[in-house]
Amino acid sequence: MNLGKFFAVRGFSVAVAILGCLALDYAAQTYLQDYIVRLVFLAGIYITLAVSLNLINGITGQFSIGHAAFYMVGAYTGGTLTKFFYDASPLGAVAWLIAMILAGAALAGVAGLLVGLPSLRLRGDYLAIVTLGFGEIIRIIVINQPELGGSSGLGFAPKVQGLWLVWLLAVICVAVCRNLLKTSHGLAFLAVREDEVAAQAMGINLTKTKVTAFVIGAAFAGAAGALLAMNEGYINPDLFKMDVSFLILTMVVLGGAGSITGSVLAALTLFAIPELPRLLKIDVSLAYLIGLTAGAIGFVSLLRHHQQRYHGPKAKGRMITVATVVGVPLAGLGLGWLLHTFTYLSDQTYELNNLRYVILAVTLIVVMLLRPEGVMGHHEFSWKWVQKVLTGRKPVAEESIS
Amino acid sequence: MSEHLDLSQVNVDELPVVPNPLLKLEGATIQFGGLIAVNQVSFEIMPGDLFGLIGPNGAGKTTCFNLITGVYKPTGGSIKFEGNEIAGFNPSKIARAGICRTFQNIRLFGALSALENVMVGGYLRHKTSLLSGLALWPSAIRETEELKEQAMQLLEVVNLTDVAHARARDLPYGKQRRLEIARAMATNPRLILLDEPAAGMNPQEKEELKEVVLRIRDEFGKTVLLIEHDMKFVMGLCEKIVVLDHGEEIAAGPPSEIRSNPKVIEAYLGEPV
């Protein structure tokens with residue numbers, strides 16, 4: 001390959017990424033409310049977390065459910081260093097933030113090394129328990145350290161909001177994982193996931209591969225943690241509880257273990273589902289809830305029946321799928337409207353906001369019933385696929401569910 | 001001291017040529033608790049051999065493979081590859097030393113394509129660092145392309161170019177077996193171990209396999225050690241055979257000798273009444 005051309009293309013894409021993130025930052029600060037800016041910020045954090053866990057869980061196949069621990073290590077590294085050393089340092093706020101990101105990544109990487117080592121001897125459920133335990137140990141250590149603020153948390157100054165850095169981190173995380181899979185280096189990680197014995201027989205160093213996955217994954221989570229800490233100016237151990245680990249894990253599984261695109265989509269979706277109802281401030285009547293529930297049940301059962309029983313021509317199958325995907329929820333909505341208009345069920349109303357975790361749960365159940373391998377399976381987004389869709393050979397099932 | 005050999009006086013060309021064995025097992029033994037799975041097995045494989053390891057079920061053939069490839073550490077004896085002790089090395093180190101294997105129960109990387117499976121085999125000869133891969137540096141891209149090309153060539157050897165992009169898991173059984181051989185070949189081993197390569201194949205597939213094995217030896221100059229149950233297949237293919245029974249070596253020699261060896265007949269057919 002022509003080196004000059006390579007550097008030109010690479011320089012251009014890096015510049016586009018940085019400028020794009022700066023533009024996003026500027027646009028968000030200028031046009032959006034503070035609350036929404038914070039959501040955009042957190043969305044970037046969650047993309048980083050999900051994609052970095054996907055490297056460990058999905059690509060290398062090491063079932064880790066303690067990702068919040070690495071996130072926490074990064075956050076506390078950033079917070080503590082800022083509290084004790086910022087005033088004495090000659091660095092400006094943004095330079096300090098970047099330094100904290102690097103420090104958080106480094107320390108979380110070391111934590112990743114510590115957790116990665118036992119993964120050589122442990123597989124599957126056992127490794128999961130160790131990572132879970134590690135997450136709890138880190139949290140409990142912090143709770144018991146008065147210097148780290150204990151359970152009441154750690155406050156520090158200054159707060160530095162680096163929205164563009166968050167998104168740049170997410171872009172870098174996605175790029176690094178994608179690059180890994182594009183070159184033959186990624187094959188070693190995938191081989192370890194598929195069959196450890198065979199991978200070893202092919203001369204792949206298991207130790208090195210697994211530990212590398214843990215270190216890289218943990219470092220990205222740590223960087224995200226440092227950014228979060230600097231953005232908030234206050235952190236406490238409750239921000240990094242087990243349920244955060246599970247949320248990240250759910251994102252990876254829902255998106256399709258191993259698929260970077262899937263992790264990104266699932267991170268955005270799962271993050272948005274509980275947040276959007278809060279923004280929309282809609283009241284729904286019991287009538288609509290009943291209608292929509294009936295729609296969801298009908299939707300899942302009909303689509304599943306179709307997936308399992310239908311063996312006819314493909315074109316007709318797609319028609320049926322589209323009809324089900326569009327028709328049944330609409331029918332549910334229609335039923336809701338009928339009940340709302342003609343019965344007393346309309347008297348009872350609920351705030352959509354209060355139902356946000358119900359919606360999240362229903363989404364998870366529906367996706368896992370219809371696509372247990374995750375929305376994207378092992379697949380990635382590609383321009384070829386877009387071409388396929390545009391020229392008419394559309395994989396409807398995947399499209400409609402995502 | 002006075003009889004010290006003066007090397008300058010020796011004419012190298014006149015010395016008798018004694019080839020060094022590629023692989024040498026000396027009293028290799030492994031014991032699992034009270035069970036001695038492989039007991040004092042010794043044999044030598046010369047470069048270029050087509051060597052067969054046979055025996056009834058449970059004779060310790062696959063265990064023997066596992067000793068050679070480092071899955072198990074022998075409890076006694078030595079295993080030398082090209083004169084170096086390799087007993088107890090871990091499998092990846094042994095693969096790097098130049099021994100590669102296939103598995104009795106096929107162990108492909110199911111979700112990867114046939115091509116990617118073979119590319120994994122070439123991974124151990126990688127020179128670029130992981131960092132260059134993560135940064136998608138030109139050197140890493142170039143190396144990936146090279147690996148892909150080599151893998152394509154190997155797929156051609158085992159006649160699988162048409163399914164290069166199919167998922168390994170979706171391939172029919174016979175093709176999976178051949179893909180495993182291609183994958184092992186991709187590590188560029190000096191010794192290739194085939195664990196029951198013909199198991200479950202129909203006669204025509206067996207003929208094709210025989211051709212592949214011969215090609216590996218003659219065209220690529222690999223030394224082959226294979227385990228097989230199908231006597232006809234082994235007798236027609238291998239030049240030297242070692243027979244194991246209950247973990248012990250009961251016979252060794254060319255197929256013609258093995259066929260008429262009473263101990264072998266007894267082991268396979270049971271004791272004459």
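Residues numbered from 1 in each chain as written. Chains lettered and ligands numbered in written order. Predicted model: local features only at pLDDT ≥ 70, side-chain atom pairs only at ≥ 80, totals over all residues.

**What to know about the overall build of chain A**
Next up, step 1: Counting its secondary structure elements, chain A contains 16 helices and four strands.
Next up, step 2: Here chain A has a C-alpha radius of gyration of 23 Å; the compact-globule value for 402 residues is 21 Å, and the two agree.
Next up, step 3: For chain A, the spread of C-alpha atoms along the principal axes amounts to about 70 × 55 × 45 Å.
Next up, step 4: Per-residue burial over chain A gives 41% buried out of 402 residues.
Next up, step 5: A fraction of 85% describes how many contacts in chain A between residues 6 or more apart in sequence connect residues 24 or more apart. (Helix = DSSP H or I, 4+ residues; strand = E, 2+ residues; numbered from the N terminus. Rg over C-alpha atoms; globule rule 2.2 N^0.38 Å. Buried ≥ 20, exposed ≤ 12 C-beta atoms within 10 Å, placed from the backbone. Contact = placed C-beta atoms within 7 Å.)

**Some words on the interface of chain B and chain A**
Next up, step 1: Listed as interface residues are 34 residues of chain B and, on the opposing side, 27 residues of chain A.
Next up, step 2: The element contributing the most residues to the side of chain B that touches chain A is helix α5 (residues 138–157) of chain B, with seven residues.

**Focus: the environment of F220(B)**
Next up, step 1: Considering the arrangement of structural elements, one finds F220(B) in the loop between α7 (203–218) and β8 (223–227).
Next up, step 2: Between the alpha carbons of F220(B) and D195(B) there is a distance of 19 Å; along the sequence they are 25 residues apart.

**Quick notes on the domain arrangement of chain A**
Interface size, as often reported, equals the accessible area lost upon joining of the parts.
Residues and elements named next belong to chain A.
Next up, step 1: Each assigned domain of chain A is listed with its residue range as follows: domain 1 (16–279) and domain 2 (282–401).
Next up, step 2: The distance between the C-alpha centroids of domain 1 and domain 2 comes to 31 Å.
Next up, step 3: Every element with two or more residues in the side of domain 1 that touches domain 2 is listed here: α10 (242–255) and α11 (260–280).
Next up, step 4: Element by element, the count of residues in the side of domain 1 that touches domain 2 is highest for α11, at 10 residues.
Next up, step 5: Looking at the side of domain 1 that touches domain 2 residue by residue, the classes come out as 10 nonpolar, seven polar and one charged. (Domains from an automatic or database assignment. Nonpolar A, V, L, I, M, F, W, Y, C, P; charged D, E, K, R; others polar.)

**Quick look at the domain arrangement of chain B**
Residue and element names in this part refer to chain B.
Next up, step 1: Domain assignment breaks chain B into domain 1 (18–98 + 190–273) and domain 2 (110–188).
Next up, step 2: Each of domain 1 and domain 2 has a C-alpha centre, and these two points are 27 Å apart.
Next up, step 3: On the side of domain 2, 11 residues touch domain 1, which itself brings 11 residues to the contact.
Next up, step 4: Of all the elements in the fold, those that place two or more residues in the side of domain 1 that touches domain 2 are α2 (91–97), β7 (191–195) and α7.

**Describing the nonpolar core**
When a protein is soluble and globular, its nonpolar side chains tend to lie buried together.
Next up, step 1: Judged by nonpolar contacts, the single largest core of 172 residues is most densely connected at A50(A), A191(A), A224(A), L227(A) and A182(B).
Next up, step 2: Looking at this core, the element that brings in the most residues is helix α9 (residues 206–232) of chain A, giving 16 residues. (Core = buried A, V, L, I, M, F, W, Y, C linked by C-beta atoms within 7 Å.)

**Examining the pairing of strand β1 (residues 23–32) of chain B**
All names here are of chain B.
Next up, step 1: The sheet contact formed by β1 and strand β2 (residues 35–45) spans seven bridges and is antiparallel. Paired with A28 across the two strands is V41, which belongs to β2.
Next up, step 2: Hairpin connection from β1 to β2: two residues lie between these consecutive antiparallel strands, with G33 at a positive phi of about 60°.
Next up, step 3: Relative to strand β4 (residues 76–81), β1 is paired through five bridges, and the arrangement is antiparallel. Paired with K24 across the strands is K80, a residue of β4. (Pairing = 2+ DSSP bridges.)

**Describing the packing of helix α6 (residues 163–182) of chain A against helix α7 (residues 184–194) of chain A**
What describes two packed helices is the angle between their axes and the distance between those same axes.
All names here are of chain A.
Next up, step 1: The geometry of α6 relative to α7 is characterised by a closest axis approach of 4 Å and an angle of 90° between their N-to-C directions. Considering the angle they form, α6 stands roughly perpendicular to α7. Residues L180, L181 and K182 of α6 lie in contact with α7, whose contacting residues are H185, G186 and F189.
Next up, step 2: Along the lines of polarity and charge, the residues of the contact of α6 with α7 split into three nonpolar, two polar and one charged. (Axes fitted to C-alpha atoms, helices over the stretch in contact; angles between N-to-C directions. Parallel < 35°, antiparallel > 145°, perpendicular 65-115°, else oblique.)

**Side note on α10(A)**
Residues and elements named next belong to chain A.
Next up, step 1: The terminal C-alpha atoms of α10 lie 20 Å apart, and with 14 residues this matches the ideal 20 Å at 1.5 Å per residue to within 8%.
Next up, step 2: Every buried residue belonging to α10 is among S245, I248, L249, M251, V252, V253, L254 and G255, and all of these are buried.
Next up, step 3: On its buried face, α10 sits against α2 (34–59), α3 (67–85), α5 (124–143), α11 and α14 (356–370).
Next up, step 4: Directly after α10, the chain includes G256, whose backbone phi takes a positive value near 110°. (Expected span 1.5 Å × (residues − 1).)

**Side note on the packing of α3(A) against α9(A)**
All names here are of chain A.
Next up, step 1: For the pair α3 and α9, interaxial distance at closest approach is 6 Å and the crossing angle is 45°. By the angle between their axes, α3 is oblique relative to α9. Of the two elements, α3 crosses α9, and the hand of that crossing is right-handed. Seen from α3, the contacting residues are H67, F70, Y71, M72, V73, G74, A75, T77, G78, G79 and T82; seen from α9, they are A218, A221, G222, A223, A224, G225, A226, L228, A229 and M230. (Left-handed = near helix turned anticlockwise from the far one by under 90°.)

**Digging into the confidence of the model for chain A**
Residues and elements named next belong to chain A.
Next up, step 1: Taken over all residues, the pLDDT of chain A has a mean of 88, while the share at 70 or more is 97%.
Next up, step 2: α9 holds the highest mean pLDDT among the elements of chain A, 95, whereas helix α16 (residues 396–401) holds the lowest, 35.
Next up, step 3: This model gives residues 394–402 a pLDDT under 50, and the stretch forms 14 contacts once residues within four places in sequence are excluded. (pLDDT = per-residue confidence, 0-100.)

**Quick notes on the environment of V253(A)**
Next up, step 1: Examined against the element boundaries, V253(A) turns out to sit in helix α10.
Next up, step 2: The spatial distance from the C-alpha of V253(A) to the C-alpha of M368(A) is 9.3 Å, given a sequence separation of 115 residues.

**Some remarks on the pairing of β7(B)**
The side chains of a regular strand alternate, residue by residue, between the two faces of the sheet.
Residue and element names in this part refer to chain B.
Next up, step 1: For β7, the buried fraction is high: five of the five residues fall into the buried class.
Next up, step 2: The alternating pattern of β7 places L191, L193 and D195 on one face and I192 and L194 on the opposite face, and all of these are buried.
Next up, step 3: Summarising the sheet, strand β6 (residues 99–101) and β7 pair through three bridges and their orientation is parallel. Bridge pairing in β7 links R101 to L193.
Next up, step 4: Tracing the backbone out of β7, into α7 and back to the parallel element β8 gives a crossover that is right-handed. (Right-handed = clockwise from strand over helix to strand, strands pointing away.)

**Some words on the environment of M119(B)**
Next up, step 1: Considering the arrangement of structural elements, one finds M119(B) in helix α3 (residues 114–122).
Next up, step 2: Overall, M119(B) belongs to the buried group, with 24 C-beta atoms counted inside 10 Å.
Next up, step 3: Apart from the residues lying within four places of it in its own chain, the contact partners of M119(B) are S184(A), L187(A), L147(B), K148(B) and A151(B).

**Details of helix α13 (residues 314–342) of chain A**
Each turn of an α-helix holds 3.6 residues, which means side chains three or four residues apart point in the same direction.
All names here are of chain A.
Next up, step 1: If you check α13, its first and last C-alpha atoms are 41 Å apart, about what 29 residues at 1.5 Å a residue would give, namely 42 Å.
Next up, step 2: Considering bend angle alone, the principal kink of α13 is centred on T324 and spans about 25°.
Next up, step 3: Looking at α13, one finds that the buried residues are V328, G332, G336 and L339.
Next up, step 4: Packing partners of the buried residues in α13 comprise α12 (286–309). (Bend = angle between axes of the 7 residues up to and from the residue.)

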